[in-house]
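Summary of the model geometry
Residues per chain are reported as follows:
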Amino acid sequence: MFRSIRTITAAAGLALALTACSSSEDDPVAEVPAFPIDAPSVTLSTPGDNPQEVRYTPAQEWDTTVAVSSGVDQHVAAPGEAEAANSPAGGDVHKTTLPLHITAADAPAPGQGEEDADNRVDFVVGAGKHSDLDVGQDVAATEGFRMSWRTDAPGRVSTLKLLAPADAPERGLQQVEPALLALVNNAVIFPDEPIGPGATWSVKGRVAGDTAMERTTTYTLVSRDGDTLTLDTKMEERPQQSSVTLDDGESVQVQSANTTSEGRIVVDLSRPLPVSGETAWTTRLIYGGDDKARVVQDITRAVQYGV
């Protein structure tokens, strides 16, 4: 029997100073370390009809609510036992719902660990909820959690700061921090080139908060009405390494990785997050080989905007 593969399911590699305090009244996250976000590659496949430049111009305050769902199902297939490589459509998840107060403006001059950017976006979390009512009390107690990121005009996040209230319960932080990182990982990035309806492009990069996974998101521009764009989304995920190490040090090979996804979102270029819609996906990872027991892991995620 294989042990749990923590390298895939654990959020690792972003050890954030969540309880740091700032001496600045004007900027509560001024003294919080800025953590770099790996720049993804953006590839335009089809420019679409009547292509035009697409750039964010957020410069206002905004209140919205997001819901982030996640769940992992894992089982062991005996040697020789048939196991479908294709991932299922969805799975059991827990949902964290967060009201957000968002302030966006032109980015100030970069501070330590930062680089030039077009926009700075600040988030303050309200009293959130969780599908487990007991956990929900701790999620609500993280009210006041702050996140700040710097982006360029097409939407690439370059650096990130997180600041939790000093008295926030640990169990609440364990839900809220990954939910906020999901917003970073699902930030919509547009190509540098002009695009029009029918355009398709892909964004490929490492998943922030999970050093083991790489994600490719393919966008299709369904329609554009001024600054409002409707996009279809498709996800593909796979481990960055061909093998993973179990808790006891044993190494197993990644036999296959397959993602099933669906999504449609609406983007307002004056807002730093999509204003409505949902992207949902399940990735099935199979470790081992046909001549030995295999671990089958289904990782389900979803992000819903404007709930």
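What counts as what
- Residues numbered from 1 in each chain as written.
- Predicted model: local features only at pLDDT ≥ 70, side-chain atom pairs only at ≥ 80, totals over all residues.
- Heavy atoms only, no water.
- Axes fitted to C-alpha atoms, helices over the stretch in contact; angles between N-to-C directions.
- Helix = DSSP H or I, 4+ residues; strand = E, 2+ residues; numbered from the N terminus.
- Parallel < 35°, antiparallel > 145°, perpendicular 65-115°, else oblique.
- Contact = heavy atoms within 4.5 Å.
- Buried < 20%, exposed > 50% of the residue type's maximum accessible area, 1.4 Å probe, protein only.
- Patch = residues over 30% accessible without salt bridge, like charges linked within 9 Å, V, L, I, M, F, W, Y side chains within 5 Å.
- Areas by Shrake-Rupley, 256 points an atom, 1.4 Å probe, with all protein chains shown as cover.
- Salt bridge = Lys/Arg side-chain N within 4 Å of Asp/Glu carboxyl O.
- Lys, Arg positive; Asp, Glu negative; His and termini not counted.
- Charge placed at Lys NZ, Arg CZ, Asp CG, Glu CD.
- Pairing = 2+ DSSP bridges.

Topic: the packing of helix α2 (residues 133-140) against helix α3 (residues 170-185)
Contact geometry for α2 and α3: axes closest at 7 Å, N-to-C directions at 85 degrees. Between α2 and α3, the angle falls in the class roughly perpendicular. Across from D134, V135, D138 and V139 in α2, the residues of α3 making contact are R171, G172, Q175 and V176.

Observations concerning the environment of V121
Tracing the backbone through its elements, the reader meets V121 in strand β5 (residues 119-125). Overall, V121 belongs to the buried group, its relative accessible area being 1%. Note: C-alpha distance between V121 and L273 (152 residues apart in sequence) is 9.9 Å. In this structure V121 touches I102, T103, A104, M147, S148, W149 and P272, once residues within four positions along its chain are discounted.

Regarding the side chain of T217
Mapped onto the secondary structure, T217 falls in strand β10 (residues 213-225). Under the relative-accessibility criterion, T217 is labelled buried at 5%. Those residues within four positions of T217 in sequence are excluded, and the remaining contacts are W201, S202, V203, K234 and M235.

A closer look at a negative patch on the surface
Taken together, the side chains of D106, E115, D116 and D118 define an acidic patch exposed on the protein surface. Following the sequence through the fold, D118 ends up in the loop between β4 (94-106) and β5. The class of D118 is partly exposed, set by a relative accessible area of 40%.

Let's talk about the pattern of salt bridges
Evaluation of the coordinates by the stated rule reveals 15 salt bridges. Among the ionic pairs, R284 bridges to E83, the shortest N-O distance being 3.4 Å. Residue R284 is found in strand β14 (residues 276-287), and its partner E83 is found in the loop between β3 (61-77) and β4; the two are separated by 201 residues along the sequence. The exposure class assigned to R284 is buried, which follows from its relative accessible area of 9%. Residue class for E83 comes out partly exposed when judged on its relative accessible area of 22%. Salt bridges sharing common partners tie together D27, R120 and D122.

Points about the pairing of β10
The pairing of strand β9 (residues 200-206) with β10 spans seven bridges and is antiparallel. Note that in β10 the partner of R206 across the bridge is E214. Bridge count for β10 against strand β11 (residues 228-239) is twelve bridges, and the pairing is antiparallel. Its bridge partner lying in β11, Y219 is registered against T233. Where β10 folds back onto β11 in an antiparallel hairpin, the turn is made up of two residues, including G226, whose phi is positive at roughly 65 degrees.

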